[in-house]
Structures are given as C-alpha cells and as structure tokens.
Amino acid sequence: MEKSLKELAELVGAEVAGDGSVLISGVAGIEAAGAGHISFIANPKYLSKGAATGASAIICSPEVAIAGKPLLKIANPYLAYAKIVSLFHPRPQQSGVIDERAIVGTGVRFGRKVTLYPFVVIGDGCVLEDGVTIYPHCFLGNNVTVGEQTLIYPNVTVRERCIIGKRVIIHPGTVIGSDGFGFAKDGAAYYKIPQVGIVQIDDDVEIGAGNTIDRAAMGRTWLQRGVKTDNLVHIAHNVTVGEDTILVAQVGVSGSTSIGKRVTLAGQVGVVGHITIGDDAIAGAKTGISGNVPARQVVSGYPHMPHRDWLKSSRTIPKLPEMRMTLKKLEDKVARLESILQELKGG
Amino acid sequence: MEKSLKELAELVGAEVAGDGSVLISGVAGIEAAGAGHISFIANPKYLSKGAATGASAIICSPEVAIAGKPLLKIANPYLAYAKIVSLFHPRPQQSGVIDERAIVGTGVRFGRKVTLYPFVVIGDGCVLEDGVTIYPHCFLGNNVTVGEQTLIYPNVTVRERCIIGKRVIIHPGTVIGSDGFGFAKDGAAYYKIPQVGIVQIDDDVEIGAGNTIDRAAMGRTWLQRGVKTDNLVHIAHNVTVGEDTILVAQVGVSGSTSIGKRVTLAGQVGVVGHITIGDDAIAGAKTGISGNVPARQVVSGYPHMPHRDWLKSSRTIPKLPEMRMTLKKLEDKVARLESILQELKGG
Amino acid sequence: MEKSLKELAELVGAEVAGDGSVLISGVAGIEAAGAGHISFIANPKYLSKGAATGASAIICSPEVAIAGKPLLKIANPYLAYAKIVSLFHPRPQQSGVIDERAIVGTGVRFGRKVTLYPFVVIGDGCVLEDGVTIYPHCFLGNNVTVGEQTLIYPNVTVRERCIIGKRVIIHPGTVIGSDGFGFAKDGAAYYKIPQVGIVQIDDDVEIGAGNTIDRAAMGRTWLQRGVKTDNLVHIAHNVTVGEDTILVAQVGVSGSTSIGKRVTLAGQVGVVGHITIGDDAIAGAKTGISGNVPARQVVSGYPHMPHRDWLKSSRTIPKLPEMRMTLKKLEDKVARLESILQELKGG
C-alpha cells in the first residue's frame, strides 16, 4: 500500500509542511528508516536525527522545522504515528471459521465470523459474539460470554461464567477466573472457601501475557472499560479496576481493593487489600501501597508516601552513614561543651 | 437446595439465636443478600450493616446481638461461613470419563472415576488415582503420580517423575518440575547442570495460577501437606516449604532454602537461597529475606529486620530530609558555641 | 553406565588422587551418596561431610585432602561436577517423529529428526531445523524460525516471525513475541500502537518457565548468545540483553533498555526503560535500577546506588528511630547551652 503524505495528513488531521505528494509505503524508526518510510520525532533532543534520517517524511510537533524534509505536523505526534502504523499494519484477517479440531460444548451461541483455531475448547452455554477470534489451546469454561471483535491469544484459560466485553485483547498464557486465594483458619490448617463469583472484563480492555486475574469470592472482580495491563500482573478476588487505568508489568493487587479511573501503577507495584486508590493517582515503580491513596496523588516508596517526599528521602538514604557519624561527633562535642561550661559557671 | 438455620447450625457446630426454622437457600455478601440468604459478619465495625441487610440470617460471633435477625453464633464465624458456602456450592461433579481426544502413554495406571478432558497428554508410566480430574491442555511427563481427588486446571505442565499428593488443587497455567536455574561458570559462558531431581507435592496442597515450581538439581523440591500458594509464585530448586505454610502472590524463593511450618510470606516477598525460615515466622509484603529467620519472628524490610523495628524506621524515612537539615544547623550552632566558649576562656 | 574414576578424570581434565580404578555409576549429593556415587565439595566448610560420605569418590579443588577417599581434583570442581552429571543423565532421546496429531501449516520447512509432540500447532512458513523438539500444546505463529537442537517445553507460545537460535531451551508456559505495552494517549483513553517488530533469540539461550518476552514495537527485542533467564522474567519491547547475561527469577526490564554482556540481575530486580547497563554490571536482589549503570558496577537499593553504599545505608536504617531521638536531645542540649552562654556573656 502507498499513500501520499497529504492523504496521511487528512487521515490523522495533521498539517503538511513541504511536499505533500511524497509517497509513503511504511513506517520505520528514525535511524532504520529509508526511502518511502515515514518516521517520527517526539523528543526535541532527537531533532538532529531528523535531519540525518533516510525517511521520506517525519511526524512531529507543529513547532519543529527540519530543512528540506517533508513534515506531518500535529499536536499529538505520537497518536498520529500510532494511527499511521495501524494503517500500514492492519490486524491480520481471520478466517471466520470454526476449525473442526476445536471442541465446542452444548448450547453455545455464535455470532458471525467467529474464528476458532484448532484445539480450542469452549464449554457449554458459552456466547461468542461477531468476529471473536480464539487461538489454539485456549480453554473457556461453561457459560463464558465473549463480546464482539475480542481476540484471545494462545494458551489462555477463562474459567466458568466469566464475562468478557467487546474489542478486548487477551495475550498468551493469561488466566482469567482462577479461584481467589481465600481460606478460613481451621486450627493450624486452612479450609478452602469456594470462590463462587466471576471476573467481568469490560469493553476495550487489553490484558498482557501471563496475567492471573482471580474470580471473586462472591460477586465480581471487575476490570472496567479501557483498562490496560502489562505482563505478569496479578489481580486478586473482588478487586475493581477503574476505566482507562494502566497496570504496568508485575503489579500485584490484593483482594477487595478498589482502584479508580485513569490510575497508573508502574512496574512491580504492590497494593494491599481492602483499600481505595482515587482517580488519576499515580504510583512509581516498586511502590508498596499500604493504605488509601487520594485522587490525583503521586506516590512512591514503601510504605507509600507523596512522590516528592520519597524523592527527597531517597536522596538522603545514601548519606545515612555519614549523618550517623556526624551525629556521633556532635554528641561528643556537645558533651565537651557542657562540661567546659559547667567548669566556667562553677569557676 | 434449602436448609433450615437449625440444620446449618448442626452442620457447623453453631448455636441458633432467634428463629431456627427460617429456610436458607444460599449465601451472599451482607449488602447483596436478600430473602433466603445467609450472610456473615466477621468485623464488629460492620454490625450496622447487619441490622440493614436483607439476609434471612447472619453468621456471627457469640457476643453479637442484632435485634430481630436470626443469628448463627459460633467462635469462628469465618470458618462456619466457608463450610456453608461449600454446602451450597459443591465442587462440580466430574464425568469420570477419559475423553477419547486425551492422549495416554503406555503403562499408565488409573484409579476409579478419573476424568481426563480433551487434549490432555499423559506420559508413559503415570499413575492417576481415584477421582483425579485433569482439564484440557495439561501435560504430564512420564512417570508422574497424582493422588486421589486431585484437580488440575487447564494449561498446567507437570514434568517427568514429579509426585503430586491427594486432594491437591493446581490452578491454570502453572508449571511443576521445570529445570532449576543451575549453571556452572565455564569461562565467561555457562554450562548447564542437568536438573535430575523432582518436585514432590504432598496432600491438601493448593497451588495458584501461573506458579513456577522448579525440580531439584538432585533430590526433591518439596511442598509439604497443606501448603497454599497464591498466583505467580516462584519456588526454586531444592526448596522445602513446611506444612500449612502460606505463600502470597508473586513471592519468590531461591534455591535450597528451607521454610518451616505455618509460615506466612506476604505478597512480593523475596527469599535468598540456602537459608532457613523457622516455624510460624511471618514476613510482611515486599520483605527481602536475606538470612535465617528464627521461629515465630515477624519480619519486614530489606534486608529484613523485626517488623516492629521496620515500622519505626519506615515512619522515620519521610523525615530524613528534615533530620539532615536539623543536623546541619546543629553543626553550625555547635561550631559557633565552641568559638564563643574559646573566646570566653581566652578572655 | 559405569566409568572408572580415571576415565571421568580424563573426560573433564582433572587429576586423580587415590584409586583411579574405582567404578562410578552415578552422581549424588554429599549426604545422600552411597557406593558407586561420585559426589562434590565446593565449599571448604563441608570438608567434614567429605570424610563422612558414603560416596566412592569426591570432586574437589586441588588443595583438598580427605584421608582414604579417592578424589577427582580440578580447579573448577563445580564445572567438572556439571559435566559428570550430564554424562550420567543425558538429555532424553527424542523420537524424531512429527506426531500426526500435531498441526503443521503450509510451506513449513523441516530439518532432519524434528520431533513434534501431539497438539503442537506450527504456523505457515515456519522453519524447524535439525533436531528441534517441541512439546505438546506449543503454538508457533506464522514464519517462526527455530534453530537446530532447540528444545521447547509444553504450553509455550511463540508469535509470528520470531527468530529462535540453535540449542535454545524454552521452559514451559513461556510467551515469546507478545505485543509490547505501547499505547498513545488519545484524550483520557489509550490508542493501541501495533507492535510490528519481533523477538530474536540467539544461540545457546535458555529461557525459564512463565517468562513473557514482548516483541518490539518496530525492529527487535533481542536476547544475545548465551543469555539465561530464570522463571517469571518479564522483558519489554525493544530491550537488548547482551551475551552471557543472567536474569534471575521475577526480574522485569522496561522497554528499549539495553543490558550489556555478562551482567547479572538478581531476583525481583526492576529496570526502568530507555537506559543502558554496562558489561559485567551486577545488581543485588530487588534493586530498582532507575538510570544508567556503568560497566562492572555493583549496585543495590532503590533508586540503585553502589552496592557498598547500600550495605552501609541499610545497616543504618534500623538505627533511624534512635538517631532521630538523639538528634532531638541534642537540639535541646544545644538550646540550653546557647541560653547559658547568653547569660554568661550578658552577666
């Protein structure tokens, strides 16, 4: 496929600076790009690379100028780049066929153009809406619902009764609806509490590879519209994750915690159970969230504190041995001063 | 199914306060509950909810009183709740059938009522005792033993010669018996040390989703009776985990470490190799255990310290910048005092 | 199989001390070993166990002497041990057969003696070189290349176009080539950036169980020759990991970071994106690497600092409450001294 720069500009709502007739056939990184490629500069410090690139055109902010290079200028160049990548790399067409080596239970309802790859197992009473694609070695328990255009990669397990929305993407090896970690003490041993709730995943959620999202003890574990999780994220039973919230890799969220909308938890963050994290809160990498976090607060450290305080404290930590020595010396000096003064007063 | 409150009380060894003839048909959370439900109050601060609930009866401690509501009173209400949930939500009946699309090796011995779902692969010489259930896409290597009533969810891998006890539950996507991480330095590169031991999992163990439990270099990696692991837990080669120990989500245990009985390691704890953690020890979330932990000790922090010390220290950490400034000022003041005193003495 | 101690010594380039004709039929730990076993002492503190062992011979350093026990002396006893374990426990012979219940796409090219187990799915255009073995429930997307003698354990997903080298081992449940975590902000919501690059894994790499290695946004995520990853490791898009680098369990590496050669990242380390870690650097367990690390530097803590500084600081942390109290007392004392001095001067 080839598009003129002018066509691309119209597609994403950008302005052309320079020759709009230049033909673009693909997208590439600023260093790898060659003739026919469009590339992308987000960070002004890479402007020099923009001059040197072999790309035929560059997506950039309105204030950028690069002599002799056709530019596609727009306020959000990253978003324009994403849309142009999508144009040149559309999601592969699926067959719309239910492979005869897939296994489908009784009473399953199919929309149009559902693609089931070989060795998929679909339990009784499932509903698979239009355009659903399920890759090999996935297992859906009984009475699972999957919304239209949802894509489930290989080796995914979705247990019984879970509800998955429209346009959801689930990456390989992920587990949805495993039992929550619930036991009642019975002397020294533990008695398993049946986990009879579900997981509900709303529209436009994307779940990374190797996630584990437990079903509720009762009720639901709930990922709301637009949530994105990175790889190896753990979400315990009865957690709610609000709309457009981002959970970066290896985050773990304990049971019954409620996370607001547009929250970002960076990599390896851990969250204690039964708390509330407000809308638009942000937690830095490795934060241990040990209590409620108000809306819009930025936190770090363990136990978590305002990010600004954490930055200051953590700059102090390497100075601790020196501080301790200074303190020791001061104690001695003050003791000496006290005794001299005692002498003076006495004298 | 319907049971009278009196019948439930007998089942769990509780006392009825109020009308024992009220019929119960299910369990629900205190807010969601309606007529016919029994609900549950563990925490006295939810007592007000007990008065407002639509539930027909409430499980609670002996000292609780809620006017006009039939109560089921017992010392351990959480355990009673768990048992009543189990009564109303029994584990689904399995077919007891070996699906013809499962693959079974040579010399496999089956107990009665073994259920193998489609696309299960069982290696040569395995033993599957009475009532074992194995879900689709599980792989058992050669000579694996699985004890009676054990349940293995989809997409689980158990490699050769591992031994799994009775009434064990293994959640989806978990790996048992992968090679331990063992290499000998060979110049700059690494030479793989064959991992020829096994994993042994004793009775009544429950293993979460997405766990990785490595086989021993030689001998065994050993999870003793009643161990419970949450999701995404990593257990390295030659680790021993004692009876009724709890490993919460994303815990990692390094090689050859020995964990005692009734230990609790909270979420994201990491444990160094070749150490011993005593019985009944507890580690708070994100603890980095860097050496032996005595029995019954509660630890936190990294490197770990007594939890009480950690609590105090971590309250101090946000004050560090202020402490540093105070220290600076004190140094100046003391220097000034010294020089004044010098003058006075000299004068 | 039986080998004389002399034969084993020749095989690994060691010296025999004592009776070289003793026959060895296996390897065992120093305490479990009996007649016919060779065992191994790396740590001088276990010398006493060497005297007490039932083993017929012991692998040890040249300076070790154990009365009456045939010894195999060599500068790197651990490597010799590894090689002798390999001798007695060779990797199991594979059938070299493509099981008829495996599914193979169109245009797949096979080398000699490729073993595909049942329920393997191989996409169109894949290349599987000589001696490749792929266990049940693995999925390879279209146009994946797998080099000779590579071994892929069950339930592994490798997505389209990824390149896997020779003699690679991939442990169960691992995901190669899942989409990188890339989204462009589009108002409050996120727009998915297609991840159109690949993962390239070079020769002699070993990847643990339950890893997630994301494909590049463009270009490649690249694990170079000899890299070893432990279990549950996450590697984000466009990361490069240099030759012979070791990533211990539960490490997470963020996007576009470049890790040098012979680096070691210990368990649960997290690495921020877009940085460089120099050759031969080492990070202690749970380190949060928040910026570039020079070659050969040893770091710990979060934010990371030189390991030596971290050791000193972390020894100080439990003293913080005491330091704070001392500081408080000193402030009072100094205030008192100041007022006395004021009096003296005024008087």
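Scope of this entry: the structure provided in the associated data block. This is a predicted model, so every value here is computed, not measured.

Points about the interface of chain C and chain B
How big an interface is tends to be stated in terms of accessible area lost as the parts join.
Working step 1: Counting from both sides, the interface comprises 60 residues of chain C and, opposite them, 64 residues of chain B.
Working step 2: Note on chain C versus chain B: buried area summed over both sides is about 5100 Å², and carbon and sulfur give 73% of it.
Working step 3: One can count one salt bridge joining chain C with chain B.
Working step 4: Here the element with the most residues in the side of chain C that touches chain B is helix α5 (residues 320–346) of chain C; it accounts for 13 residues.
Working step 5: When the residues that make up the side of chain C that touches chain B are grouped by side-chain class, the tally is 34 nonpolar, 14 polar and 12 charged.

What to know about the relation of the copies chain C and chain B
Working step 1: Each copy of the sequence occupies a distinct position, and chain C is placed on chain B by a rotation of 120° and an axial shift of 0.0 Å, giving an RMSD of 0.1 Å. Classification of the inter-copy transformation places it as that of a three-fold axis.

Notes on the interface of chain A and chain C
Working step 1: Taken together, the contact pairs 59 residues of chain A with 64 residues of chain C.
Working step 2: Summing both sides of the interface, chain A and chain C together bury roughly 5100 Å²; the carbon and sulfur share of this comes to 73%.
Working step 3: Lys192 of chain C serves as the salt-bridge partner of Glu206 of chain A, at 2.8 Å between the closest nitrogen and oxygen.
Working step 4: Linking chain A with chain C are 20 residue pairs in polar contact (both at pLDDT 80 or more).
Working step 5: Contributions of two or more residues to the side of chain A that touches chain C are made by α3 (77–88), β27 (228–229), β30 (246–247), α4 (307–316) and α5 (320–346) of chain A.
Working step 6: Element by element, the count of residues in the side of chain A that touches chain C is highest for α5 of chain A, at 12 residues.
Working step 7: Residue composition of the side of chain A that touches chain C, by class: 33 nonpolar, 14 polar and 12 charged.

As for α4 of chain A
In an α-helix, one turn spans 3.6 residues, which is why side chains three or four residues apart end up on the same side.
Working step 1: Buried within α4 of chain A we find Trp310, Ser313, Ser314 and Thr316 of chain A. An end-on view of α4 of chain A places all buried positions within 145° of arc, on one side of the element. Across α4 of chain A from its buried face, at more than 90 degrees, point the exposed residues Arg308 and Arg315 of chain A.
Working step 2: Turning to α4 of chain A, the residues buried within the fold contact β38 (298–300), β39 (305–306) and α5 of chain A together with α5 (320–346) of chain B.

Points about α5 of chain A
Working step 1: Given a rise of 1.5 Å per residue, 27 residues ought to cover 39 Å, and the 39 Å separating the end C-alpha atoms of α5 of chain A matches this to within 8%.
Working step 2: Listing the buried residues of α5 of chain A in full gives Leu320, Met323, Thr326, Leu327, Leu330, Val334, Leu337, Ile340 and Leu341 of chain A.
Working step 3: Elements that come into contact with the buried residues of α5 of chain A comprise α4 of chain A, α5 of chain B together with α4 (307–316) and α5 of chain C.

Let's talk about the environment of Ile289 of chain B
Working step 1: Tracing the backbone through its elements, the reader meets Ile289 of chain B in strand β37 (residues 288–289).
Working step 2: Not counting residues up to four positions away in its chain, the partners in contact with Ile289 of chain B are Leu265, Val269, Gly270, Val271, Val272, Ile275, Ile277, Ala283, Val299 and His304 of chain B.

Things to note about the sheet that holds strand β17 (residues 157–158) of chain B
Working step 1: The strand order across the open sheet formed by 10 strands is β8-β11-β14-β17-β20-β25-β28-β31-β34-β37 (chain B), and the pairing between neighbours is parallel. The sheet terminates laterally at β8 (103–104) and β37 of chain B, the two strands that pair on one side only.

Let's talk about the packing of aromatic side chains
Working step 1: According to the stated counting rule, one finds 30 aromatic pairs over all chains in the structure shown.
Working step 2: An angle of 75° between the planes, with centres 5.7 Å apart, marks the rings of Phe139 of chain A and Tyr135 of chain B as edge-to-face. Here Tyr135 of chain B lies in the loop between β13 (133–134) and β14 (139–140) and Phe139 of chain A lies in strand β14 (residues 139–140), a pairing that spans two chains. Exposure class is identical for Phe139 of chain A and Tyr135 of chain B. Each is buried.
Working step 3: On the numbers, 5.4 Å between centres and 20° between planes, the contact of Tyr135 of chain B with Tyr153 of chain B is stacked. Taken as a pair, Tyr135 of chain B in the loop between β13 and β14 and Tyr153 of chain B in the loop between β16 (151–152) and β17 lie far apart in primary sequence, 18 residues in all. Here the two residues Tyr135 of chain B and Tyr153 of chain B agree in accessibility, since each one is buried.
Working step 4: By the ring-pair criterion, three or more aromatic residues cluster together here, those being Tyr117, Tyr135 and Tyr153 of chain A together with Phe139 of chain C.
Working step 5: For Arg220 of chain B, the ring lying beneath its charged end belongs to Trp222 of chain B, and the centroid distance is 3.6 Å.

Let's talk about the pairing of strand β20 (residues 175–178) of chain A
Residues and elements named next belong to chain A.
Working step 1: Of the pairings in the sheet, the one linking strand β17 (residues 157–158) to β20 comprises two bridges and is parallel in character. Each bridged residue has a counterpart across the sheet, and for Val158 the counterpart in β20 is Ile176.
Working step 2: Summarising the sheet, β20 and strand β25 (residues 212–214) pair through three bridges and their orientation is parallel. Residue pairing for β25: Ile176 is matched across the bridge by Ile213.

Focus on the sheet that holds strand β9 (residues 109–110) of chain A
Working step 1: Pairing in this open sheet of nine strands is parallel, and the strands run β9-β12-β15-β18-β23-β26-β29-β32-β35 (chain A) from one edge to the other. Edge positions in the sheet fall to β9 and β35 (276–277) of chain A, since each of these pairs with one other strand and no more.

A few points about the side chain of Thr212 of chain B
Working step 1: By the element assignment, Thr212 of chain B lies in strand β25 (residues 212–214).
Working step 2: For Thr212 of chain B, the contacting residues outside a window of four places in its chain are Val175, Val233, His234 and Ile235 of chain B together with Ala209, Gly210, Asn231 and Leu232 of chain C.

Description of the side chain of Ser313 of chain A
Working step 1: Checked against the element boundaries, Ser313 of chain A lands in helix α4.
Working step 2: Classification of Ser313 of chain A as buried rests on a relative accessible area of 1%.
Working step 3: The contacts of Ser313 of chain A, once residues within four sequence positions are left out, are Met305 of chain A together with Ile317, Pro318, Leu320 and Pro321 of chain B.

Observations regarding the state of the cysteines
All names here are of chain C.
Working step 1: A complete count under the given rule lists zero disulfides over all chains for this structure.
Working step 2: No disulfide involves Cys138; its nearest neighbouring cysteine sulfur is the one of Cys126, lying 12 Å away.
Working step 3: On the basis of relative accessibility, which here comes to 0%, the residue Cys138 falls in the buried class.

A few points about unusual backbone geometry
Working step 1: With omega at -5°, the peptide bond leading from Tyr302 of chain B into Pro303 of chain B counts as cis.
Working step 2: Looking at the secondary structure, you find Pro303 of chain B in the loop between β38 (298–300) and β39 (305–306).
Working step 3: Of note in the backbone geometry, Arg296 of chain B takes a positive phi value of approximately 65° without being a glycine.
Working step 4: Relative to the helices and strands, Arg296 of chain B resides in the loop between β37 and β38.
Working step 5: According to the relative accessible area criterion, Arg296 of chain B is exposed, its value standing at 63%.
Working step 6: At Asp244 of chain C, a residue that is not glycine, the phi angle is positive and equals roughly 60°.
Working step 7: Of note, Asp244 of chain C is situated in the loop between β29 (240–241) and β30 (246–247).
Working step 8: Classification of Asp244 of chain C by relative accessible area gives buried; the value is 5%.

Each value, and the rule that gives it
- By convention here, each chain's residues receive numbers from 1 onward along its written sequence.
- Chain letters and ligand numbers both follow the written order, the letters beginning at A and the numbers at 1.
- Predicted model: local features are reported for residues with pLDDT of at least 70 only, side-chain atom pairs are reported and counted for 80 or more only, and whole-chain, interface and lining totals are derived from all residues.
- Note that the side-chain values use all heavy atoms of the structure and ignore hydrogens as well as water.
- It only takes one pair of heavy atoms within 4.5 Å for two residues to be counted as in contact.
- Accessible area that two parts lose when put together, evaluated with a 1.4 Å probe and summed over both, is termed the buried area.
- Whenever Lys or Arg places a side-chain nitrogen within 4 Å of a carboxyl oxygen from Asp or Glu, that contact is recorded as a salt bridge.
- Think of it this way: any DSSP run of H or I at least four residues long counts as a helix, any run of E at least two long counts as a strand, and we number them from the N terminus.
- Each residue receives one of three labels: charged for Asp, Glu, Lys and Arg, nonpolar for Ala, Val, Leu, Ile, Met, Phe, Trp, Tyr, Cys and Pro, and polar for the others, Gly being one of them.
- A least-squares superposition brings the copies together, and it is based on the C-alpha atoms of residues with pLDDT no lower than 70 in both.
- Whenever two N or O atoms come within 3.5 Å, that pair is a polar contact, provided that in protein one can donate a hydrogen and the other can accept it, and provided that, for residues adjacent in sequence, both atoms are side-chain atoms.
- A 1.4 Å probe rolled over the protein chains alone gives each residue an accessible area, and that area as a share of the maximum for its type sets the label: buried under 20%, exposed over 50%, partly exposed in between.
- This arc is taken over the directions from the axis of the helix to the C-beta atoms.
- Helices are assigned an expected span. That span is 1.5 Å times one less than the residue count.
- When DSSP finds two or more bridges between two strands, those strands count as paired.
- Each aromatic pair joins two rings of Phe, Tyr and Trp (for Trp, the six-membered one) with centres within 6.5 Å, and gets the label stacked for planes under 30 degrees apart, edge-to-face for over 60, and tilted for any other angle.
- Comment: the charge-over-ring label is applied if NZ (Lys) or CZ (Arg) is within 6 Å of the ring centre and within 35 degrees of the ring normal.
- Any two cysteine sulfur atoms within 2.5 Å of one another count as a disulfide.

In short, shape yes, function no, at least from these values alone.
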